[in-house]
Amino acid sequence: MRPRLKILLAAIVTSLMAALAAVSMPQPAAAAALTEVTGFGTNPSNLRMYVYVPDNLAPRPGLLVAVHYCTGTGPAFYSGSQFASLADRYGYIVIYPSVTRSSQCFDVASPQALTRGGGSDPVGIKSMIDYVRARYPVDPDRIVATGVSSGAMMTNVLLGLYPDVFSAGSAFAGVPFGCFATTNGSEWNSDCANGLVTKTPQQWGDLVRNAYPGYTGRRPRMQTWHGTNDEILRYPNFGEQIDQWTNVHGLTQTPSSTVTQGGNTRTRYGGTGDTAPVEAISMNGVSHNLPVDAAAAVHFLGLDTTTPSPSSPAPSSPAPSSPAPSSPAPSSPAPAGGCRVGYAVNSWSTGFTASVTVTNTGTTTVNGWTLRFTLPTGQTVTNAWNAVVSPSSGAVGAANVSYNGTIGAGGSQTFGFQATHTGSAAKPTAFTLNGANCAVV
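Residues numbered from 1 in each chain as written. Predicted model: local features only at pLDDT ≥ 70, side-chain atom pairs only at ≥ 80, totals over all residues. Heavy atoms only, no water.

Considering the overall build of the protein chain
The helix and strand tally for the protein chain stands at 9 helices and 23 strands. Every one of the 441 residues in the protein chain was classed for burial, and the buried ones make up 58%. Counted over contacts in the protein chain with a minimum sequence separation of 6, partners at least 24 positions apart contribute 74%. Put simply, the protein chain shows about 15800 Å² of open surface, and 52% of that area lies on carbon and sulfur atoms. (Helix = DSSP H or I, 4+ residues; strand = E, 2+ residues; numbered from the N terminus. Buried < 20%, exposed > 50% of the residue type's maximum accessible area, 1.4 Å probe, protein only. Contact = heavy atoms within 4.5 Å. Areas by Shrake-Rupley, 256 points an atom, 1.4 Å probe, with all protein chains shown as cover.)

Here it is in structure tokens:
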């Protein structure tokens, strides 16, 4: 392997492991475990397959393909991310593909990998999906993918090659489908990595459409996350992904909504709600070592429910823009019957991100909500998404923004925030929703 490639790969894994290895999360149920599967089907590039099936499997479970970063493995991504612990909560199945080539990067560059049924890693991953579907009653409308770095690139590739299989994807620090293409056998495309490969939205969209000629069915929804200071896969790749997937969905590149909280700016295209065809989160000042908000990804992917989701085609044109309010909407009375809060933390030496899921366990709809809780001493919120959090420390309130103010009976909303700490990322001990005490899970 060339020295430059080794250096780049080492930089990727070093930065990502720093963020992923420090995740604090509930342990999987004792009887559930990551299991390796052999002989799962056609596997031209000798991938290894690992699968996690939770004990509380949903009647019609969703299926998540979770794709690791360069020099990583399926088991490392399993233990260093929250996707399995969230599967325990929501009952979906997780496949963790694992590369065996020396770089441990996924092939997103070869002509074989960028052709439907052409060979290499995508064919092996498709075989893994078929294996699971043959053995479990998987909801075909909730087969989704996510990944980090090399895994984010593969997420783009899988959605481009198999739009008839995947309903959505969430890519953390990736590049567009086809951007990394090479013809000389190299796994690394420096021009793409450095943000020098630019195309019109039509050209990017054509790359995806040409991967499956003649296909006219639904296209997967796409969520993409990128740090503005990404030093490995430069920030221009974020905009090129937006151009590609908005064009694939027949949308303009003008956002239907834009919400900025702290250093994060979330834009949605073709809709303003949680199921917009394209959602993009720009993380100001963040490097390739970006925090992976698994709960937010799971929410976008439609996995945070045990109820099968009906398939619906993406709109052919953008919905009208709906600007965010300058202040939180007024809260309704407390939910009749109570509430429940899930609070998941991803921590490192001086900071953490928290993903908070608020569930209305009552019998009446909540229209406008504020969740109140006290942050432990030394914790200070620096930015938030899907909620307005104020003040930044001590007893805080998280109030809904324009697009998520309603929580129906039995429904949930998820928000998150990033914070610094002076030694502890401990969780709050109590929460109230519009004045009602909530159970904590």
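Side note on unusual backbone geometry
The step from Ser-390 to Pro-391 runs through a cis peptide bond, and the omega angle for that step is -10°. Following the sequence through the fold, Pro-391 ends up in the loop between strand S17 (388-390) and strand S18 (395-399). Residue Thr-71 is not a glycine yet carries a positive backbone phi of 65°. In this structure, Thr-71 sits in the loop between strand S4 (63-67) and helix H2 (74-79).

A short note on the sheet that holds strand S15 (residues 370-374)
Here we have 5 strands laid out as an open sheet, ordered S17-S18-S15-S21-S22, and antiparallel in their pairing. Looking at which strands have only one partner, the edges of the open sheet turn out to be S17 and strand S22 (436-437). (Pairing = 2+ DSSP bridges.)

Observations concerning the packing of helix H5 (residues 150-161) against helix H8 (residues 236-248)
Close contact between H5 and H8 brings their axes to 13 Å; oriented N to C, the two are set at 15°. When the interaxial angle is binned, H5 and H8 end up roughly parallel. Note that H5 runs across H8; the crossing there is left-handed. Here Asn-156, Leu-159 and Gly-160 of H5 come into contact with H8, specifically with Gln-241, Gln-244 and Trp-245. Broken down by class, the residue content of the contact of H5 with H8 amounts to 2 nonpolar, 4 polar and no charged. (Axes fitted to C-alpha atoms, helices over the stretch in contact; angles between N-to-C directions. Parallel < 35°, antiparallel > 145°, perpendicular 65-115°, else oblique. Left-handed = near helix turned anticlockwise from the far one by under 90°. Nonpolar A, V, L, I, M, F, W, Y, C, P; charged D, E, K, R; others polar.)

Considerations on the nonpolar core
Ranked by internal contacts, the top residues of the largest apolar core, which has 56 residues, are Ile-129, Phe-166 and Phe-180. With 7 residues, H5 is the single largest residue contributor to this core. With sequence-adjacent residues up to four places away left out, Phe-180 is seen in contact with Val-108, Ala-109, Met-153, Val-175, Glu-187, Trp-188, Asn-189, Cys-192, Ala-193 and Leu-233. In terms of nonpolar packing, the next biggest core, distinct from the first, is built from 35 residues, Ala-87, Val-144, Trp-225 and Val-292 among them. (Core = buried A, V, L, I, M, F, W, Y, C linked by side-chain atoms within 4.5 Å.)

As for the sheet that holds strand S3 (residues 48-52)
Here we have 10 strands laid out as an open sheet, ordered S2-S3-S5-S4-S6-S7-S8-S11-S10-S9, and mixed in their pairing. Either end of the sheet is taken by a strand with one partner, and the two such strands are strand S2 (34-37) and strand S9 (257-261). The average angle at which neighbouring strand axes cross in this sheet is 15°, direction not considered. As judged from the 6 bridges shared by strand S8 (residues 221-227) and strand S11 (residues 278-283), these two strands associate in the parallel manner. Looking at S11, one finds that Gly-227 is bridged to Met-283. Along the sheet face, helix H3 (residues 83-90) touches S3, S4, strand S5 (93-98) and strand S6 (143-148) and points at about 160° away from the line of S5. The sheet contacts of helix H4 (residues 120-135) involve S2, S3, S4, S5 and S6, and relative to S5 the element is tilted by about 150°.

Here we look at the state of the cysteines
Here a disulfide denotes one covalent bond, and it connects the sulfur atoms of two cysteines. Under the definition given, this model contains 3 disulfides. With its sulfur 1.9 Å from that of its partner, Cys-70 forms a disulfide with Cys-105. Between Cys-70 and Cys-105 the disulfide shows an S-S torsion of about 125°. By sign, it is right-handed. Of the two residues, Cys-70 is situated in the loop between S4 and H2 and Cys-105 in the loop between S5 and H4; the sequence distance between them amounts to 35 residues. Accessibility expressed as a relative area gives 3% for Cys-70, which makes it buried. (Disulfide = S-S within 2.5 Å.)

Quick notes on the pattern of salt bridges
Any two side chains of opposite charge can pair, given that their charged atoms come close. Applying the stated criterion across every chain, the model contains 10 salt bridges. Arg-101 is the partner of Asp-121 in a salt bridge, and the nearest nitrogen-oxygen pair spans 2.9 Å. Highlighted residues: Asp-121 in helix H4 and Arg-101 in the loop between S5 and H4, separated in sequence by 20 residues. The network of salt bridges with common partners includes Arg-266, Arg-268, Asp-274 and Glu-279. (Salt bridge = Lys/Arg side-chain N within 4 Å of Asp/Glu carboxyl O.)

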